[in-house]
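So the chains spell out like this:
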Amino acid sequence: MFNLDDPANVPHGGNLGEAAERYGIPREHWIDLSTGINPHGYPIPPIDPQAWIRLPDDHDDLEAIAAAHYGAAHALAVAGTQAAIRMLPAVLPQGRIGVGLLTYGEYAPAFERAGFPVDRFVTPQFADAGHAAAFVLQPAHALPVGLKHLVLVNPNNPGTERFTPEQVLRWHEELAARGGTLIVDEAFVEAMPELSVSNFANREGLIVLRSIGKFYGLAGARAGFVLAGPRVDRAMRRLRGPWSLSGPARVVVRAALLDLDWQARTRASLIASGTRLSDLLARFHSTVRHTPLFSWVRDERAHRWQEGLARHGIWVRRFDVIQGIRLGLPADETGWSRLDAALGAVTMEMERERGR
């Protein structure tokens, strides 16, 4: 059981201050690749000074714009996916819930704290780690008997697994028939829109979470949306309360959602950059998987990779439950060159160590 009073139980990327202190390298000398956030975020438009003075207007057109953008009937603005996760247990009936063993770390403790039995699953690519999981989530296979709810991160963070809309909707139908719910976290799907089921989110038993932070590079705005049917939308709206997003954040998010040209250019750029990162890593490692925004390298020497890169001022996210590292995209050519050189240096160091 997690103790949520201790935030160290759920580590996250972006902890550059911790890295700078640990390794004695000034913060400005680091390249932070520990998150999957677009390093070229949406350009901030001019913001009326009144947006800082007035209370945020929860009745502006932001949620209608978001619903239209996602093809959903309803869109509930929340202060990032994290805020939605904390509310979800209160709007679902009690029952056993499946959460990935290697996935975004906030789901399991949120549901455990609310008294839900949590079964950790792995996907087929990690079936060899099944000893640590309750079941393997197999496409075209029935879900375990007794499972009422399921959390699916698509594409998965960090393992990069992806699920077709057809498969996702089959799992939804299976759970809905049990009176359960499928929660689909689409935090990274904006760069892979063919995977999204947001236009089906009006169905009972299906909840889709969308993030503004990753694709749009606006993580500091703390903005996201819950897409769900009328019952869940009403319940979460009551739980959310007023003024969940600041006035300036609403201005920026509104502009980003309406800027279709920027979205198209960015999607193409991220796809190319994601492939470039994967190709670079493949020169040094044989087990690389990627999405447009990050790459995942599975390796039992994950700690060694993180330590070695950190000594070169490059911070990456390490995972221990299934050992590996996740790397986001460098922001510029200097970053790409430094990463290339650091990977080469760490590879040589580890080869020398094996030869001793």
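Before any of the text, the structure's been laid out above.
Residues numbered from 1 in each chain as written. Predicted model: local features only at pLDDT ≥ 70, side-chain atom pairs only at ≥ 80, totals over all residues. Heavy atoms only, no water.

Caption draft 1: Representation of the nonpolar core. Counting 71 residues, the largest nonpolar core has Leu137, Leu150, Leu182, Ile212, Phe225, Leu257 and Leu327 as its most contacted members. For Leu150, the contacting residues outside a window of four places in its chain are Ile97, Gly98, Phe121, Phe135, Leu137, Leu143, Leu175, Thr181, Leu182 and Ile183. (Core = buried A, V, L, I, M, F, W, Y, C linked by side-chain atoms within 4.5 Å. Buried < 20%, exposed > 50% of the residue type's maximum accessible area, 1.4 Å probe, protein only. Contact = heavy atoms within 4.5 Å.)

Caption draft 2: Representation of the pairing of strand β9 (residues 224-227). Side chains Gly224 and Val226 of β9 all project onto a buried face; the interleaved residues Phe225 and Leu227 project onto the opposite face, where all are buried too. One ladder, built from three bridges, connects strand β2 (residues 76-78) with β9; its direction is antiparallel. The partner of Val78 across the bridge, within β9, is Gly224. In terms of strand pairing, strand β8 (residues 206-211) meets β9 through four bridges, oriented antiparallel. Considered in β9, the bridge of Val208 is made with Leu227. (Helix = DSSP H or I, 4+ residues; strand = E, 2+ residues; numbered from the N terminus. Pairing = 2+ DSSP bridges.)

Caption draft 3: The arrangement of the pattern of salt bridges in detail. Taken as a whole and judged by the stated rule, the model has 22 salt bridges. Salt-bridge contacts for Arg210 lead to Glu186; the nearest nitrogen and oxygen are separated by 3.2 Å. Residue Arg210 is found in strand β8, and its partner Glu186 is found in the loop between β7 (181-185) and β8; the two are separated by 24 residues along the sequence. Accessibility classification places Arg210 together with Glu186 in one group, the buried group. With a closest N to O distance of 2.8 Å, Glu353 and Arg304 form a salt bridge. Placement of Glu353 in helix α11 (residues 333-355) and of Arg304 in helix α10 (residues 302-310) is noted, with a sequence separation of 49 residues between them. Given a relative accessible area of 36%, Glu353 falls into the partly exposed group. The exposure class of Arg304 is buried, given its relative accessible area of 18%. Three or more residues joined by partner-sharing salt bridges are found here, namely Glu63, Asp233, Arg237 and Arg240. (Salt bridge = Lys/Arg side-chain N within 4 Å of Asp/Glu carboxyl O.)

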